[in-house]
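Chain residues, written in single-letter form:
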Amino acid sequence: MADPLAGSPPDPDRPDREAAEGQPGGRDFIRSIIADDNRSGKHQGRVQTRFPPEPNGYLHIGHAKSICLNFGIAAENPGGLCNLRFDDTNPIKEEEEFVESIQRDVRWLGFDWGDRLFFASDYFEQLYEWALVLIRKGVAYVCDLSAEQIREYRGTLTEPGRNSPYRDRTVDENLDLLARMRAGEFPDGTRVLRAKIDMASPNLNLRDPVMYRILHATHHRTGDQWCIYPTYDYTHGQSDSIERITHSICTLEFENHRPLYDWYLDQLEIFHPRQIEFARLNLTYTVMSKRRLLQLVNDRHVQGWDDPRMPTLVGLRRRGYTPEAIRGFCDRIGVAKFNSTIDMHVLENALRDDLNRRAPRVMAVLRPLRVVLENYPADLVEELEAVNNPEDPSAGTRRVPMARELYIDADDFREDPPKKFHRLSPGAEVRLRYGYIIKCERVVKDPATGEVVELRCSYDPETRSGSQSTRKVKGTIHWVSAAHAVPAEVRLYDHLFLKPDPDQAEAGQTYLSNLNPDSLQVLTGCQVEPSLAEAAPESRYQFERLGYFCVDPDTTPGRLVFNRTVTLRDTWAKIEKSS
């Protein structure tokens, strides 16, 4: 699958879902095509799709849209199948690491290809035999032009190309040269096999495209068996044909390649799938070009392919995204014929909707401020009942310990509060979540810095949550017991870029100038409730009043690490609206 390219300007009010309007039953145009084929008896009602990644990088959220589309269509049609095929035709860039990661990602999203795991390299011998067929038909030839000369001879969008001086070689000469290319007789870059189509075609892809090039490189599966490798365009359609794919679903950048896809299949007179193109996914506040993602990793702007700020599936998974949220997002945006850019808040809202249903609620204090309840018995520890998830009664409740000394979040106290600050301040009262009403009696400061280091408060023992007390206060805050809390590191992740379109850079600058310097803040010394002491990596929680968080794989016994997955509300939308 090719990289998604830079898209059109953001237009959040026109999501891809609009393309489905007017279709029978609200289905998108691809599903309508397939339904029409089924009604007409084409392929005898058989539906077979494929997801064809190149194993040269990690999958990202754009690939997830294609995965959900191809596997989803197969699942929707009785007897439908979806293959996983690696288009591994470039040994220089491909690695077994990527093959394994792609399989993990597809499975994590919830899809299974059964016994239909294929590789284009499985078909190298057949592809070579078909190349011989095309030479014998007089529609393929060996060309000695360099890559630069081929580009020069190709022409432009307004000027036709020129025929290669090697275009009229005899069939026997071409067969001999291709055999010698395969035998390793020639160095890299000295010869290629080209299709003989039309150097004056208005479609540049039909101007005698390259079919094979010489690459003395070790392949991750075939080793050194081959030193000539087929191009993606030559391999793609024939691989679809071998696998009897009925509907070859690609992104829009392949639309101009479709005539070439059809030409090869027609010339070879083999089973002919139908190629259908749809709009790739573009998201605000990120980039999805493999080249750019690689640059971010190599230049250490991020900490790896699984950095939670990356749009890669391994990054999203580490951040705390669920496969259900990603599938729901892909369903929400639909499938369109025209490129557009989806606002990041659409993805984040899909995640909030999912986590709101499934994430247990817990209390965590990110910037601890000590509170001493002066009238609370020093030796008393109470077990307060807390709700695990108000959206899921079956999740039940848990016990949260409360004692004389607590931690609250420093953001929940103001010595000189603004209007409508319904949290803690000198003389003010708030309710502790699941606990009592407390009142701030006095403030303790560091004599050297003047920083507030402790609050001395009183509590009303008649106001425990669930009691018959009728006392009301406007604010409720979260807290943890100082004696029972578990220390943790919390990583606050935000958008990787400051602008919705990272390419909107000043003259002479690049998208990198829009990197968000505050996309990661690491907080140490945080305190979380004791129920989280044994939390496993990838466990997801809602930290009450703060957002959704996920246990990071860096967690070890005695060292908890959490990643902020998403805030409770879309704070960026508010920032943009007010700016």
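Residues numbered from 1 in each chain as written. Predicted model: local features only at pLDDT ≥ 70, side-chain atom pairs only at ≥ 80, totals over all residues. Heavy atoms only, no water.

Another point: the overall build of the protein. Scanning the protein from terminus to terminus reveals 13 helices and 27 strands. Seen through its C-alpha atoms, the protein measures out along the principal axes to roughly 100 × 55 × 45 Å. Looking at the protein as a whole, 54% of its 579 residues qualify as buried. Contacts spanning at least 24 positions in sequence make up 71% of the contacts within the protein whose residues lie at least 6 apart. Accessible area of the protein: about 25700 Å², with a carbon and sulfur share of 47%. Across the protein, the centroid of the 76 positively charged side chains sits 4 Å from that of the 89 negatively charged ones. (Helix = DSSP H or I, 4+ residues; strand = E, 2+ residues; numbered from the N terminus. Buried < 20%, exposed > 50% of the residue type's maximum accessible area, 1.4 Å probe, protein only. Contact = heavy atoms within 4.5 Å. Areas by Shrake-Rupley, 256 points an atom, 1.4 Å probe, with all protein chains shown as cover. Lys, Arg positive; Asp, Glu negative; His and termini not counted. Charge placed at Lys NZ, Arg CZ, Asp CG, Glu CD.)

If you look at the biggest cluster of nonpolar residues, it comprises 41 residues, and the most contacted ones within it are I61, V106, L283, I326 and F329. Breaking this core down by element, the ones donating at least two residues are α2 (61-76), β2 (81-86), α3 (96-108), α10 (313-319), α11 (323-333) and α12 (344-358). Setting aside chain neighbours within four positions, we find F329 in contact with I61, L281, L283, I342, V346, L347 and A350. Membership of the second largest hydrophobic core comes to 32 residues, among which are L127, L134, L178 and L206. (Core = buried A, V, L, I, M, F, W, Y, C linked by side-chain atoms within 4.5 Å.)

A separate point is unusual backbone geometry. In most cases, non-glycine residues show a negative phi, while peptide bonds are predominantly trans. The backbone of E269 shows a phi angle near 55 degrees, a positive value even though the residue is not glycine. Residue position: E269 is located in the loop between α8 (258-268) and β9 (274-278). Positive phi is not limited to glycine here, since Y434 has a value of about 65 degrees. Locating Y434 in the fold gives a position in the loop between β18 (429-432) and β19 (437-445).

All told, the structure shown has 16 aromatic pairs when counted by the stated rule. Judged by centre distance (4.2 Å) and plane angle (15 degrees), the rings of F543 and F549 are stacked. Residue classification places F543 among the buried positions, given a relative accessible area of 0%. The exposure class assigned to F549 is buried, which follows from its relative accessible area of 1%. Measuring from centroid to centroid gives 5.2 Å for F543 and F562, while their planes differ by 70 degrees, and the two rings are edge-to-face. Of the two residues, F543 sits in strand β25 (residues 540-543) while F562 sits in strand β27 (residues 560-567), which places them 19 residues apart along the sequence. Pair check on accessibility: F543 and F562 agree, each one buried. A cation over an aromatic ring shows up here: R292 above the ring of Y511, its NZ or CZ 4.3 Å from the ring centre. (Phe/Tyr/Trp six-rings, centres within 6.5 Å; stacked < 30°, edge-to-face > 60°. Lys NZ or Arg CZ within 6 Å of the ring centre and 35° of its normal.)

The next thing to look at is the side chain of D105. Take D105: it is sitting in helix α3. Here D105 is buried and forms no salt bridge, its nearest opposite-charge partner R317 lying at an N-O distance of 5.3 Å. In this structure, D105 is in contact with L59, L313 and V314, ignoring residues within four places of it in sequence. (Salt bridge = Lys/Arg side-chain N within 4 Å of Asp/Glu carboxyl O.)

Moving on: the sheet that holds strand β5 (residues 192-195). The sheet built from four strands is open, its strands ordered β4-β5-β6-β7 with antiparallel pairing. Edge positions in the sheet fall to β4 (140-143) and β7 (228-230), since each of these pairs with one other strand and no more. Going from strand to strand, the sheet's axes swing by 20 degrees on average, the running direction of each strand aside. Here three bridges tie strand β6 (residues 210-214) to β7, and the two strands are oriented antiparallel to one another. The residue of β7 that forms the bridge with Y212 is P230. (Pairing = 2+ DSSP bridges. Axes fitted to C-alpha atoms, helices over the stretch in contact; angles between N-to-C directions.)

We now examine the pairing of β9. Two faces belong to every sheet, and in a regular strand the side chains alternate between them. Counted residue by residue, β9 has four buried out of five residues, so it is predominantly covered. Inspection of the sheet shows strand β8 (residues 247-251) paired to β9 by five bridges, in the parallel sense. Residue pairing in the sheet places H247 in a bridge with R274 of β9. With α8 bridging β8 and the parallel β9, this β-α-β connection has right-handed handedness. (Right-handed = clockwise from strand over helix to strand, strands pointing away.)

Assignment of secondary structure puts V566 in strand β27. Accessibility expressed as a relative area gives 4% for V566, which makes it buried. Along the backbone, V566 and D306 are 260 residues apart, and their C-alpha atoms lie at a distance of 17 Å.

What follows covers the packing of α11 against α12. Remark: α11 packs on α12, axes separated minimally by 8 Å, with the N-to-C direction vectors making an angle of 135 degrees. Judged on the interaxial angle alone, α12 and α11 are oblique. Between α11 and α12 lies a crossing whose hand is right-handed. Each of E324, A325, F329, R332 and I333 in α11 lies in contact with α12, whose residues at this interface are V346, L347, N349, A350, L351, D353, D354 and R358. Tallied by class, residues from the contact of α11 with α12 come to seven nonpolar, one polar and five charged. (Parallel < 35°, antiparallel > 145°, perpendicular 65-115°, else oblique. Left-handed = near helix turned anticlockwise from the far one by under 90°. Nonpolar A, V, L, I, M, F, W, Y, C, P; charged D, E, K, R; others polar.)

Let us now look at the confidence of the model for the protein. On average, the protein scores 93 in pLDDT, and the residues at 70 or more come to 94%. Every residue in residues 1-25 scores below 50 in pLDDT, and together they form 65 contacts with partners more than four places removed in sequence or on other chains. (pLDDT = per-residue confidence, 0-100.)

Inspection of the entire model under this criterion finds 47 salt bridges. Two residues, R358 and E324, come together in a salt bridge whose shortest N-O distance is 3.7 Å. With a gap of 34 residues between them, R358 in helix α12 and E324 in helix α11 connect regions that are remote in the sequence. Of the residues examined, R358 reaches a relative accessible area of 40% and is grouped as partly exposed. The salt bridge partner of R423 is D412, with a shortest N-O separation of 3.1 Å. Here the residue R423 occupies a position in the loop between β17 (405-409) and β18, and D412 occupies one in the loop between β17 and β18, the gap between them amounting to 11 residues. Residues joined by salt bridges that share partners form a network here, namely D306, R318, E489, R491, D552, D554 and R559.

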